[in-house]
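So you can see what is in the structure, the chains are spelled out below.
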Amino acid sequence: MKRITIFLILSIFSGLLFAQETEKKPYKLIVGARVNPLVIYDFDGNRTEAVRLHGEIGMMWNKSWYFSAGYTPFMNSLYTFNEYWFVGMDKKVPVSFVASAEYMADNNKFILQGGPNVKLKGGNLFAFLFTPADNINWGLKVGAFIPLNVILKERK
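Note that the coordinates shown come from a computational prediction; the quantities given were computed from them, not determined experimentally. (Residues numbered from 1 in each chain as written. Predicted model: local features only at pLDDT ≥ 70, side-chain atom pairs only at ≥ 80, totals over all residues. Heavy atoms only, no water.)

**Quick look at the nonpolar core**
Condition: Residue types Ala, Val, Leu, Ile, Met, Phe, Trp, Tyr and Cys, when buried and joined through side-chain atoms within 4.5 Å, form a set referred to as a nonpolar core. Exposure categories follow from relative accessible area, calculated using a 1.4 Å probe and restricted to protein chains: below 20% of the type maximum is buried, above 50% is exposed, and the middle band is partly exposed. Secondary structure is summarised from DSSP: a helix means a run of H or I of at least four residues, a strand means a run of E of at least two, and numbering begins at the N terminus for each. By the convention used here, residues are in contact when the closest approach between their heavy atoms is within 4.5 Å.
Counting 16 residues, the largest nonpolar core has Leu38, Tyr66, Phe81, Phe126, Phe128 and Phe145 as its most contacted members. For this core, the secondary-structure elements that each account for two or more residues are β1 (27–41), β2 (47–61), β4 (77–87), β5 (95–104) and β7 (123–132). Residues within four places of Phe145 in sequence aside, it is in contact with Arg34, Val35, Asn36, His54, Phe81, Asn117, Gly122, Gly123, Asn124, Phe126 and Phe128.

See below:
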């Protein structure tokens, strides 16, 4: 329960921090799902291929920050997904850095992950290092996000 509380508090404070940037700046409120085919290289060097489906709500500010929270049914996990686009959306190949935290309820595990994300037509490619928060032991996730999103509200 303590980890869930910490996760939710961090998510709320991150959202409040980014929300201060929304005043009179462009933003998009987005809701939808992501199909996520990926390969996971676990802590012992084993390889697992998987496809995940995530439900998510998020907001993009000023075409450079994206903050979202979501749920992955197969893993029974809540997550927050934060990214900063350091090569902007106006470029041919936008690139971001992602920092994400995930709480897996069935295993009572808190996972931290991050890495580069490249936006292409129809989806994103990524490579994230990840580790449990309570026992640093690195792994690698390589895959794609295929968004199935709807824009609820937008300010240009």
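There's plenty left to go through after this.
**Looking at the side chain of Arg34**
Rules: In protein, a polar contact means a hydrogen-donor-capable atom and an acceptor-capable atom, both N or O and within 3.5 Å, with residues adjacent in sequence counting only if both atoms are side-chain atoms; elsewhere, any N or O pair within 3.5 Å suffices.
Structurally, Arg34 is set in strand β1. A relative accessible area of 7% places Arg34 in the buried class. Only 3.0 Å separates the side chain of Arg34 from the side chain of Glu56, close enough to count as a polar contact. Discounting residues that sit within four places of it in the chain, Arg34 has contacts with Arg52, Leu53, His54, Glu56, Tyr66, Phe81, Glu83, Phe145 and Ile146.

**Considerations on the environment of Gly70**
Relative to the elements of secondary structure, Gly70 occurs in strand β3 (residues 65–72). Spatially, the C-alpha atoms of Gly70 and Arg34 are 9.9 Å apart, while their sequence positions differ by 36 residues. Setting aside its immediate chain neighbours within four residues, Gly70 contacts Gly55, Glu56, Ser77, Leu78 and Tyr79.

**Considering the pairing of β1**
We apply this condition: Here a strand pair is declared whenever DSSP counts at least two bridges between the two strands.
Of the pairings in the sheet, the one linking β1 to β2 comprises 15 bridges and is antiparallel in character. Its bridge partner being in β2, Ala33 is matched across the sheet by Gly55. Following β1, the chain reverses through five residues before pairing antiparallel with β2; Gly45 in that reversal takes a positive phi of roughly 85 degrees. Pairing analysis gives 13 bridges linking β1 to strand β8 (residues 139–155), with the strands arranged antiparallel. Residue pairing for β8: Ala33 is matched across the bridge by Leu148.

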